[in-house]
Amino acid sequence: MPYPIQISSEIIQKWQEIVDLLAEIMHVPSALIMKVEPPNIRVFVSSESEGNPYEPNEAASLNTGLYCETVMKTRKPLLVPDALRDEEWKSNPDIKLGMISYLGFPISWPDGEIFGTICVLDNKRNEYSELYRKLLLQWRDVLQADLRSIAALQGEIEEREAKIRRLVDANIIGVLISDLEGQIIEANDAFLDMVGYTRDDVASGRLSWTEMTPAEWQTASERAAAQVRATGACQAFEKEYFRKDGSRVPVLVGAAAVGRTQSEGIAFVLDQTERKRAETEARESERRYREVQMELAHANRVATMGQLAASIAHDVNQPIAAAFTNAQAALRWLGTQPPDLKEVRQALGRIVKDTNRAGDVIGRIRDLIKKAPPRKDSLDINETIRDVIVLTYSEAVKHGVSAQTQFAEGLPLIQGDRIQLQQVILNLTINAIEAMSRVGEGPRRLLISTGKDGQDGVLVAMQDSGPGLTPANHEHLFEAFYTTKPSGLGMGLPICRSIIEAHGGRLWATENIPRGAVFQFTVPTRPDSAS
């Protein structure tokens, strides 16, 4: 049986140069490389020398007494100086072509399988000197070295093909082989199950991945095919296939060219259905989580405003009472004879100022307790804090707390939702006031300060002189439903942390020296640094 390995055109060209050189150096009309292909022996390479009767690819039957046939049978060199004078070779078919002398060596594959012979023939008696014999032997060794390289390369190719075949047969992922026009030549069960086709559909020759590709994915697929033609492979990319029933399957595809001419491609196809479903479920879960979080945050704001109800009522009643007093005064000035219009104008001006004060308080309250989707606005952190301080001023005074601010100037604008950030400031402020209200002796001070956080953010710190943090509550401070307040729900600080983290910042607490606690948070200035 012939050895099932193809010899490349580059090797054949090299061997052609060898036989041409042999014929020239040894001054013979014919130098050949013969290849056994039972039941024939074929002229594999023939010298292009003058008088050579052997044509490339010319074949002769075995068992006819050819010189080369004997070399292959015995696997030994053969020298025939003059066949016409040798009874054993008188009937040799090569004599009919005028070749009466012969020198040849066997050529073998690395495993010992016979490939053929390398030989020279002459139309006259030729003893072929020892130097010529060594020369022919050296070239034979070169040919066998080439065969070793070819066999090694073939072994590597077969090993790679075996690995690919194992992968195809394992059906871990979908695998298809197609020509570069898109016709699917072969596919494994995993791919066929993925797209709902059968082996009969493949055998029909009408199954094409181009026709299975929806229009919106054609450009990406054509780009990948062009990349395979140009470089031999393409990067994995996402697309969809039409299934046989018309539905679609999302996939991840990678491809490479195969074959000696790279006229075919092998594609590895991973079904993305479960991943896409999981992503959809995750997005829906995230959406529901955000909705619940917004509901909790809104409830927390409403509860906090409820705590401030008395203080807010005072803040609203003050300007209303003042407006009422000024209105009475205006009426009195109008009742005098003659009316004192100057005093009336001043009283009316004070009424306008007082009603604006009341309107501002009510507006801030309405903003804080209303439901609204999150926004990303450019905010001045100092102004954002000042709005909250106005709302909590009366509560601080009621509990004997001295609230002070230390705002850095020239801070960059931050990106965030004003209402959510004010909720954080409001919660931390109320927590600090309540903590200090439990302190029997010593000053009750709250310092709210701002500053830069590195190159791309601002830092807000709130220092109080309350009882401080114990190791036990410090560890669980931001856990949901953990609280140190008798009537607390334990949701304020977890909500604050989630708001700050959603803005791309962080919230933490430390001890204040010599007494109290410090709550600090950062907010980035760039939108792309927020999650």
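Residues numbered from 1 in each chain as written. Predicted model: local features only at pLDDT ≥ 70, side-chain atom pairs only at ≥ 80, totals over all residues. Heavy atoms only, no water.

A. Main features of the overall build of the chain. Along the backbone of the chain there are 13 helices and 18 strands. By the burial criterion, 43% of the 531 residues in the chain qualify as buried. A separation of at least 24 residues holds for 61% of the contacts in the chain among residues at least 6 apart in sequence. (Helix = DSSP H or I, 4+ residues; strand = E, 2+ residues; numbered from the N terminus. Buried < 20%, exposed > 50% of the residue type's maximum accessible area, 1.4 Å probe, protein only. Contact = heavy atoms within 4.5 Å.)

B. Up close: the pairing of strand S8 (residues 184–187). As paired strands, strand S7 (residues 174–179) and S8 are joined by 3 bridges and run antiparallel to one another. Of the residues in S8, the one forming a bridge with Ser178 is Ile184. Hairpin remark: S7 followed by S8, antiparallel, with 4 residues in the connecting loop; positive phi at Gly182, about 115°. (Pairing = 2+ DSSP bridges.)

C. Main features of the pattern of salt bridges. Counted under the stated rule, the structure contains 22 salt bridges. In this structure, Glu240 and Arg248 form a salt bridge, with 2.8 Å as the shortest nitrogen-oxygen distance. Measuring nitrogen to oxygen at the nearest pair gives 2.7 Å for the salt bridge that ties Arg386 to Glu383. Of this pair, Arg386 and Glu383 both sit in helix H10 (residues 381–398), separated by 3 residues, roughly a single helical turn. (Salt bridge = Lys/Arg side-chain N within 4 Å of Asp/Glu carboxyl O.)

D. Broad picture of the sheet that holds strand S2 (residues 40–46). Spatial ordering of the open sheet is given by S3-S2-S1-S6-S5-S4, a layout of 6 strands whose pairing is antiparallel. The sheet is open, and its two borders are formed by strand S3 (59–61) and strand S4 (78–80), each paired with just one other strand. Taken pair by pair, the neighbouring strands of this sheet meet at an average axis angle of 25°, ignoring direction. With 6 bridges joining them, strand S1 (residues 30–37) and strand S6 (residues 114–122) adopt antiparallel strand pairing. Bridging across to S6, Ser30 finds its partner in Leu121. Sheet contacts for helix H1 (residues 9–26): S1, S2, strand S5 (101–108) and S6; angle to S2, the most-contacted strand, approximately 80°. (Axes fitted to C-alpha atoms, helices over the stretch in contact; angles between N-to-C directions.)

E. Fine view of the side chain of Ser47. Along the chain, Ser47 turns up in the loop between S2 and S3. Judged by its relative accessible area of 5%, Ser47 is buried. Those residues within four positions of Ser47 in sequence are excluded, and the remaining contacts are Gln16, Val19, Asp20, Ala23, Pro29, Ser30, Ala31 and Asn52.

F. Examining the packing of aromatic side chains more closely. Throughout the structure, instances matching the rule amount to 7 aromatic pairs. Plain terms: the ring middles of Trp15 and Phe44 are 6.0 Å apart, the flat faces sit at 65° to each other, and that makes the pair edge-to-face. With Trp15 in helix H1 and Phe44 in strand S2, this residue pair connects regions lying 29 residues apart in the sequence. By the burial criterion, Trp15 is buried, and Phe44 matches it. Through a chain of ring-to-ring contacts, three or more aromatic side chains come together here, namely Trp15, Phe44, Trp109 and Phe115. (Phe/Tyr/Trp six-rings, centres within 6.5 Å; stacked < 30°, edge-to-face > 60°.)

G. Here's a closer look at the environment of Thr450. Structurally, the position occupied by Thr450 is in strand S15 (residues 445–452). Of the residues examined, Thr450 reaches a relative accessible area of 9% and is grouped as buried. In sequence terms Thr450 and Gln520 are 70 residues apart; their C-alpha atoms lie 9.6 Å from each other. Not counting residues within four places of it along the chain, the set of residues in contact with Thr450 comprises Ile381, Asn382, Ile385, Gln406, Phe407, Ala408, Leu411, Leu459 and Val460. Side-chain polar atoms of Thr450 contact the side chain of Asn382, separated by 2.9 Å. (Polar contact = N/O pair within 3.5 Å; in protein donor to acceptor, adjacent residues only side chain to side chain.)

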